[in-house]
Amino acid sequence: MSGYDDRDGQIWMDGKLVDWRGANVHILTHALHYASSVFEGERAYNGKIFKSREHSERLIKSGELVGFEIPYTVDEIEAAKQEVLTASGLKDAYVRAVAWRGAGEDMGVASARNPVRMAIAVWEWGAYYGDAKMKGAKLDISKWKRPSPETIPVHAKAAGLYMICTMSKHEAEAKGCSDALFMDYRGYVAEATGANIFFVKDGEVHTPKADCFLNGLTRQTVIGMLKDRQIKVHERHIMPEEMEGFEQCWLTGTAAEVTPVGQIGDYTFEVGTLTREIAQDYEKLVRN
């Protein structure tokens, strides 16, 4: 497949569809230099974007958290997503909405006079972790930590927060792993580079408290599914050494969906019944 900049199709950009190859920005775009950008990753199933409105609402909220106002309403973003999805001709697709501070009168750290721009692209994207859905993903443990809420707006889906994710995933892949697990600034288990994490022990589920990282929409969906099953869910701080006692593990995220984990560092997990059932139930839910 050709690079993401060299494909047929259209991208919604600043209120209209433009040719895929022509969806460009200037080299002095503020976001390129200072990470003043927020985004959403979404999936469409059978032509319908799962949790679409919630994603649009979070995009606007992320913009507010990093200090800019996206010049579109939720309804306008919803209409734009549907327009570009229809134009793509795809039924099952990944949807990327992104908003950023563009090029303008400012080119220093401050950029209040620069326009806020937005784009939406749609493409085909299969299983995020390849065959891990069958045998379980293998995770490295990152040397980097999720930052304190006192240092950065941790609940925004902001580009700058993903710098250590890219670095950690590259290091993990060099070791033959699919992804990396972060601890947070206090030393508690946090999340993977683009997915939240869940553990199973004695029929109950444990997941890190989302107090310094993104409370994923898929995470929230899966917690609801577990509670509907009358399975006790503990949202709490988890120490790394506790992983030795957990029996099962999985990741959740829009791209990852529900992916079993077979190994994290030296800790191993079975791809057990509950993990498989939650993955299957999620697949049914999104295609409902």
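Here, every reference points to the structure presented above.
Notes on the structure in this doc start here.

**Remarks on helix α7 (residues 273-286)**
Residues separated by three or four positions in an α-helix point in the same direction, a consequence of the helix having 3.6 residues per turn.
Logical step 1: For α7, with 14 residues, the first-to-last C-alpha span of 20 Å sits near the 20 Å given by 1.5 Å per residue.
Logical step 2: Residues of α7 that are buried include every one of Leu-274, Thr-275, Ile-278, Tyr-282 and Val-286, and no others. Looking straight down α7, one finds its buried side chains confined to an arc of 100 degrees; they lie on one side. Away from its buried face by more than 90 degrees, α7 exposes Thr-273 and Lys-284.
Logical step 3: Against the buried residues of α7 lie β3 (37-45), β10 (196-201), β11 (204-208), α6 (217-228), β13 (248-253) and β14 (257-264).

**Side note on the sheet that holds strand β6 (residues 116-123)**
Logical step 1: The sheet built from six strands is open, its strands ordered β2-β1-β6-β5-β3-β4 with antiparallel pairing. Each edge of the sheet is formed by a strand with only one pairing partner; in this case those strands are β2 (16-19) and β4 (48-49).
Logical step 2: Of the strand pairs in this sheet, strand β1 (residues 10-13) and β2 are connected by four bridges, and their pairing is antiparallel. Opposite Gln-10, over in β2, you have Asp-19 as the bridge partner.
Logical step 3: Its contacts with the sheet put helix α3 (residues 74-88) on β1, β2, β3, β4, β5 (93-101) and β6, and the angle it makes with β6 is roughly 35 degrees.

**Quick word on the nonpolar core**
Logical step 1: Ranked by internal contacts, the top residues of the largest apolar core, which has 25 residues, are Trp-12, Val-38, Leu-59, Ile-70, Met-118 and Ile-120.
Logical step 2: Of all elements in the fold, only β3, α2 (52-65), α3, β5 and β6 reach the threshold of two or more residues within this core.
Logical step 3: Here this core takes five residues from α3, the largest share from any one element.
Logical step 4: Counting 19 residues, the second-largest nonpolar core is a separate cluster that includes Val-189, Phe-199, Ala-256 and Ile-264.

Definitions and limits used
- Residues numbered from 1 in each chain as written.
- Predicted model: local features only at pLDDT ≥ 70, side-chain atom pairs only at ≥ 80, totals over all residues.
- Heavy atoms only, no water.
- Helix = DSSP H or I, 4+ residues; strand = E, 2+ residues; numbered from the N terminus.
- Expected span 1.5 Å × (residues − 1).
- Buried < 20%, exposed > 50% of the residue type's maximum accessible area, 1.4 Å probe, protein only.
- Arc of directions from axis to C-beta.
- Contact = heavy atoms within 4.5 Å.
- Pairing = 2+ DSSP bridges.
- Axes fitted to C-alpha atoms, helices over the stretch in contact; angles between N-to-C directions.
- Core = buried A, V, L, I, M, F, W, Y, C linked by side-chain atoms within 4.5 Å.

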